[in-house]
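# Report on the structure
Residues per chain, in single letters:
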Amino acid sequence: MTPLAEDDLADLRSSVRGVLDRSCGEPAVRATMATEAGVDLQLWQSLVREFDLPALAVPTDWGGAGVGWSAHRVAFEELGRALACVPALSVIGLALPALIASQDDTACDEIIPAILAGDTIATAALLGADPVAACAVRAVHESPSEPGWSLSGEVRHVLDGQVADLVLLLARTEDGAVGLYALDPRAAGVTIDTRVTSDLTRRIIGLSLNRAVARRLGDADAGARAVSSARPQALLALACEQTGGTASALDQSVAYAGQRTQFGRQIGSFQAIKHRLADVLVSLEECRSATWATVRGVDDDQADVELLARATAAVCGDAYVKAASGNVQVHGGIGYTWEHSAHLHVKRSRGSAALLGTPAEHRARIGALLPLLTETDEAHAWADEGALR
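Residues numbered from 1 in each chain as written. Predicted model: local features only at pLDDT ≥ 70, side-chain atom pairs only at ≥ 80, totals over all residues. Heavy atoms only, no water.

### Notes on the confidence of the model for the chain
Heads up, the rule is: A score from 0 to 100, pLDDT tells how confident the predictor is in each residue. Only DSSP runs of H or I with at least four residues qualify as helices, and only runs of E with at least two residues qualify as strands; both kinds are numbered from the N terminus onward. Every residue pair with non-hydrogen atoms within 4.5 Å of one another is taken to be in contact.
Looking at the chain as a whole, its pLDDT mean stands at 93, while 95% of the residues score no less than 70. Mean pLDDT across the elements of the chain ranges from a minimum in helix α12 (residues 359–375), with 82, to a maximum in strand β1 (residues 122–124), with 98. Confidence drops under a pLDDT of 50 for residues 377–389, and excluding neighbours within four residues, the segment shows 22 contacts in the predicted structure.

The following block contains the structure:
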């Protein structure tokens, strides 16, 4: 990986924010929320064309830019700030890392170029705290002479599955091996189950499979390997989104506190409001520090990258919920109304905090990992009381 220079990252942030300011203001977000698909495909295509967004961290061997996750960190922060209804997390955080981790060079050669060009929207059904343990799909190779596998079972949560051209999912064979499979969600034997979620800026569906034909990627155990390799990148992408959302909620709170008057004073001059906003700012800086640490861990393939990613996910998940809820409190009654944008961040923050495991689940996993790292002298200074708070 060859990371972008600081000036280039600043230019990228400015350019992405400019596109989102023009195309993804609150009216546009609400309009997309009201559509059946719930995704702004035109905006997604613009991000692909103008910034090669899916390609930024993909190795050059697969046609990517190979500039690492520092660029994605900037882009995902801006997407989170704008509440952009695009499949970035599905494509970049879930599908591409899982596909590359399958080590199926033939499939990567066939599928990745279409994803990078924006011609294929791919997602991976790897939500929840432990996708391998939750795998409830059976895979049967019914005809040894045919390459396809028959999948049956339920996939409860598929992010952006309603617009996906390709879904990567886990399935378990009779001998217990968990593999990774590529499925056309519109193929015979696939039924899409609509899910109603509180966060309308992000859609999730379920899939019912009845002998649906799919392609196995990699070997029989590629599923567990894909989850292990792709998980830190998915957690990082989501954490960067949450960091951007935290910044946006704080900006809204500060702006309103400087405008609203009570008892002849701006409410921002009240000590209780000052303390609330200062606490959120401290949390925001913790998010930025944590995501930077995880960017380095992912790009350098550090041994403790899972620990870094989970600590970051816990910090950023809590920070976004606190900032979004506090934003409603600062606004008072108007913050509770449908017409105000504060509730959009509340719902996004709550949904995001459970999407890939809750902060509590991440901390529990950290507790299991820390002794292992200590034994191998891989524990780092960030794993102190402040970083794991």
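### Overview of helix α3 (residues 41–51)
Just so we agree on the cut-off: In this scheme, a residue with accessible area under 20% of its type's maximum is buried, one over 50% is exposed, and one in between is partly exposed, where area comes from a 1.4 Å probe on protein chains only. Polar contacts, as counted here, are pairs of nitrogen or oxygen atoms within 3.5 Å of one another; within protein the pair requires one atom able to donate a hydrogen and one able to accept it, and residues that are adjacent in sequence qualify only if both atoms are side-chain atoms.
Among the residues of α3, those classed as buried are Leu43, Trp44, Ser46, Leu47, Val48 and Phe51. With a side-chain oxygen positioned 3.3 Å from the backbone nitrogen of Gln42, the residue opening α3 is Asp40. Of the residues flanking the end of α3, it is Asp52, one or two places downstream, whose phi is positive at about 50°.

### Considerations on unusual backbone geometry
A positive phi angle, close to 55°, is found at Arg211, a residue other than glycine. The topology assignment puts Arg211 in strand β7 (residues 204–217). Positive phi outside glycine occurs at Phe263, with the angle close to 55°. The topology assignment puts Phe263 in the loop between β8 (261–262) and β9 (265–266). The class for Phe263 is exposed, based on a relative accessible area of 73%.

### Observations regarding the pattern of salt bridges
What counts, and what does not: Salt-bridge detection follows one rule: a side-chain nitrogen of Lys or Arg within 4 Å of a carboxyl oxygen of Asp or Glu.
This structure, assessed with the given rule, holds 16 salt bridges. Here Glu78 and Arg17 are joined by a salt bridge, their closest N and O atoms 2.8 Å apart. Of this pair, Glu78 sits in helix α4 (residues 69–82) while Arg17 is found in helix α1 (residues 6–23), placing the two residues 61 residues apart along the sequence. The class of Arg17 is partly exposed, set by a relative accessible area of 30%. Here Glu306 ties to Arg310 by a salt bridge, and the two come within 2.9 Å at their closest N and O atoms. You can see Glu306 and its partner Arg310 sitting in helix α10 (residues 305–331), four residues apart, about one turn around the helix. One network of salt bridges, in which partners are shared, links Arg13, Arg17, Arg73, Glu77, Glu78, Arg81 and Asp251.

### What to know about the nonpolar core
Where we set the bar: Residues belong to one nonpolar core when they are buried, are Ala, Val, Leu, Ile, Met, Phe, Trp, Tyr or Cys, and are joined through side-chain atoms within 4.5 Å.
Grouped together as the largest cluster of nonpolar side chains are 84 residues, with contacts concentrated most on Trp44, Leu47, Trp69, Phe76, Leu79 and Leu168. When residues no more than four places from it in sequence are discounted, the contact partners of Trp44 are Leu53, Pro54, Val86, Pro87, Ala88, Val91, Ile92 and Ile121. The next biggest cluster of nonpolar side chains, apart from the first, holds 19 residues, and it includes Leu169, Tyr181, Leu183 and Ile205.

### As for the packing of aromatic side chains
Let me state the cut-off plainly: When the centres of two rings from Phe, Tyr and Trp lie within 6.5 Å, Trp using its six-membered ring, the rings pair. Their planes under 30 degrees apart give stacked, over 60 give edge-to-face, and anything left gives tilted.
All chains considered together, the criterion is met by two aromatic pairs. Ring geometry for Trp69 versus Phe76: centroids 6.2 Å apart, planes at 15°, classification stacked. Using a relative accessible area of 2% as the deciding quantity, one classes Trp69 as buried. For Phe76, a relative accessible area of 0% puts it in the buried group. When the ring of Trp149 is compared with that of Tyr181, the centres are 5.9 Å apart and the planes differ by 65°; the resulting orientation is edge-to-face. Taken together, the residues Trp149 in strand β3 (residues 149–159) and Tyr181 in strand β5 (residues 178–183) connect sequence positions 32 residues apart.

### As for a negative patch on the surface
The criterion, for reference: Each patch is built from residues that are more than 30% exposed by relative accessible area and take part in no salt bridge. Like charges join if they lie within 9 Å; nonpolar side chains (Val, Leu, Ile, Met, Phe, Trp, Tyr) join within 5 Å. Only the protein chains shown count as cover for residues, and all accessible areas are computed by the Shrake-Rupley method using a 1.4 Å probe. Counted charges follow a simple rule, with Lys and Arg positive, Asp and Glu negative, and His plus the chain ends left uncounted. A charge is said to be at NZ when it belongs to Lys, at CZ for Arg, at CG for Asp and at CD for Glu.
Judged by side-chain charge, Glu6, Asp7, Asp8 and Asp11 come together as a negatively charged surface patch. Residue classification places Glu6 among the exposed residues on the basis of a relative accessible area of 56%.

### Considering the environment of Glu285
With respect to the helices, strands and loops of the structure, Glu285 is situated in helix α9 (residues 271–299). Sequence separation between Glu285 and Ala247 is 38 residues; the distance between their C-alpha atoms is 9.6 Å.

### What about the pairing of β5?
The condition that has to hold: Here, any two strands with at least 2 DSSP bridges between them count as paired.
Burial within β5 is extensive, with six of its six residues counted as buried. By the alternation rule, side chains of β5 split into Val178, Leu180 and Ala182 and Gly179, Tyr181 and Leu183, which are all buried. Examined bridge by bridge, strand β4 (residues 166–172) and β5 share six bridges and lie antiparallel to one another. Directly across from Arg172, in β5, lies its bridge partner Val178. Taking the residues between adjacent antiparallel strands as the criterion, β4 and β5 are bridged by five residues, where Gly176 takes a positive phi near 95°. Summarising the sheet, β5 and β7 pair through three bridges and their orientation is antiparallel. Within the sheet, the bridge partner assigned to Tyr181 lies in β7 and is Arg216.

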